[in-house]
2 protein chains.
Amino acid sequence: MWRNCVRLARGLGCGAFLRPDPKVSRCGVVRGLSPAAPCSPLWNSVTWLSQARELKDYALPNSSWSQGMMDLYSRFLEMCKDGTWKRIPSYSNSVDHLPESLKLTSEKERKETRLFPRNMDTEGVGFEYAMFLNTSEKRMVCLFQPGPYLEGPPGFAHGGSTATIIDSTIGGCAIFVAGKVMTANLSINYRNPIPLGSVVLVDSRVDQVEGRKVFLSCQVRSIDGQTLHAEATALFIRVDSTKSLQQQMSSQ
Amino acid sequence: MWRNCVRLARGLGCGAFLRPDPKVSRCGVVRGLSPAAPCSPLWNSVTWLSQARELKDYALPNSSWSQGMMDLYSRFLEMCKDGTWKRIPSYSNSVDHLPESLKLTSEKERKETRLFPRNMDTEGVGFEYAMFLNTSEKRMVCLFQPGPYLEGPPGFAHGGSTATIIDSTIGGCAIFVAGKVMTANLSINYRNPIPLGSVVLVDSRVDQVEGRKVFLSCQVRSIDGQTLHAEATALFIRVDSTKSLQQQMSSQ
């Protein structure tokens, strides 16, 4: 399945810039994403889009964020200063972020869709999260504060909401390493329930790249690192634009 | 993790009635859930609660349901007539369904939470679904129509929303067979993306019960059965009320 990470890339305005690196080796080492200036066109385009349109970046602090969330966010912002980490903006409908010339006809017509984890009008009730990327470590982290509308068992986040934030983070990681991808498998071990209103760190990384296959893993931990809430593995497939989605899924 | 199926059972008002069957064998045969009258107190309580309070059952047709969804719903309703299948009601906040005497103090205070797949105010934009249970086959099916606010890749359901409806269905199935459970593992293979606005059938069943472990599997298919969108396996653990959640997860 196409991933929201495709959407993430589009949200960043990098649909026309970000390309899978042809130099990705089969031994798991991705040489294409050096920490020096891997995404300069991408980050330039973010700046351009932000200036050109009034877009709401949902990955910025709001009044619903707890002190724990703010502290963690500040820590990662600090680590962005030397370029090791990059903050990833996030929008509710990435199609609106693209220049008109890049939009598909169907996307121009489909205005009322919303990215699933950004579909709430009220701050704080759903998914509150911010992602940071470390390209040299092939790693994406997500600061996640589940709101009261994500409930499963009383007082705790629904297993589906945990799956959603893992899928979003791990997918974002995959696209920045391998380009356009789709999820083939997601396997989650649930260890400890996540209390609503708490803050957890979703930490994902690319473990290996074999041809079109991208293997990733992820852990969801409490801020202090003491509680492991969930761990996951995922397999993503890099998209071949000459084939249909069905052809690509059947030839995995 | 405690499941939304715990919540489902509470939503049905059966928190005080539904008990794990002590006669569940270790060879995978569950003797406790005979097709004759497995949940009579449960269904009686549903009736009672429905009469006593003005609850909105979200698993009933609304104007957002497509003809395909209505047709499938009617087919399953028809199969309910001889008692083989049961329609499962669904609410946005199950805590409100419990009599005051059964509510925990924390639940009385926590009024503003919502069950994750039922957290939208507007019909049709999020999860539209209805579940049916077949106790003799240890099977739960879910008719699912993903709305435009569940988007991942353009025009298709987010992988996290697919995981959510699978988790809800398979969890519901687990609780009706094994009682109070928590998810230990959920593994999903994504085969074909689900178009927003389409209708799919989520078909889950209990494959085996070994002590406290409940093994289930699930397929998500198009109405005509021709397209396999996703398939999943899950492991649930029956809850021992004498231990904490953490103790139970660590002793799996």
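So, how was this worked out
Residues numbered from 1 in each chain as written. Chains lettered and ligands numbered in written order. Predicted model: local features only at pLDDT ≥ 70, side-chain atom pairs only at ≥ 80, totals over all residues. Heavy atoms only, no water. Salt bridge = Lys/Arg side-chain N within 4 Å of Asp/Glu carboxyl O. Helix = DSSP H or I, 4+ residues; strand = E, 2+ residues; numbered from the N terminus. Buried < 20%, exposed > 50% of the residue type's maximum accessible area, 1.4 Å probe, protein only. pLDDT = per-residue confidence, 0-100. Contact = heavy atoms within 4.5 Å. Polar contact = N/O pair within 3.5 Å; in protein donor to acceptor, adjacent residues only side chain to side chain.

Draft legend 1. Geometry of the pattern of salt bridges. Following the criterion strictly, the structure yields 14 salt bridges over all chains and no others. Close ionic contact of Asp203(A) with Arg139(A) constitutes a salt bridge, the shortest N to O distance being 2.9 Å. Here Asp203(A) is found in strand β5 (residues 200–210), whereas its partner Arg139(A) is found in strand β3 (residues 139–146), with 64 residues between them in sequence. Between Glu231(B) and Arg191(B) there is a salt bridge, with the nearest N and O atoms lying 3.0 Å from each other. Pair noted here: Glu231(B) is in strand β7 (residues 228–238) and Arg191(B) is in the loop between β4 (181–190) and β5 (200–210), with a separation of 40 residues, a long-range link. A relative accessible area of 22% places Glu231(B) in the partly exposed class. Shared partners join several salt bridges into a network, and the residues in it are Glu137(A), Arg139(A) and Asp203(A).

Draft legend 2. Region of the structure containing the environment of Ile237(B). One can find Ile237(B) in strand β7. Owing to a relative accessible area of 2%, Ile237(B) belongs among the buried residues under this scheme.

Draft legend 3. Up close: the confidence of the model for chain A. Across chain A, pLDDT averages 77, with 67% of residues at or above 70. Note on residues 1–53 of chain A: pLDDT under 50 across the span, and 131 contacts to partners over four residues away in sequence or across chains.

Draft legend 4. Representation of the environment of Trp65(B). All names here are of chain B. You can see Trp65 is positioned in the loop between α2 (40–52) and α3 (67–80). Sequence spacing of Trp65 and Gly147 is 82 residues, and the spatial spacing of their C-alpha atoms is 9.9 Å. A polar contact is formed between the side chain of Trp65 and the side chain of Glu128, at a distance of 2.8 Å.

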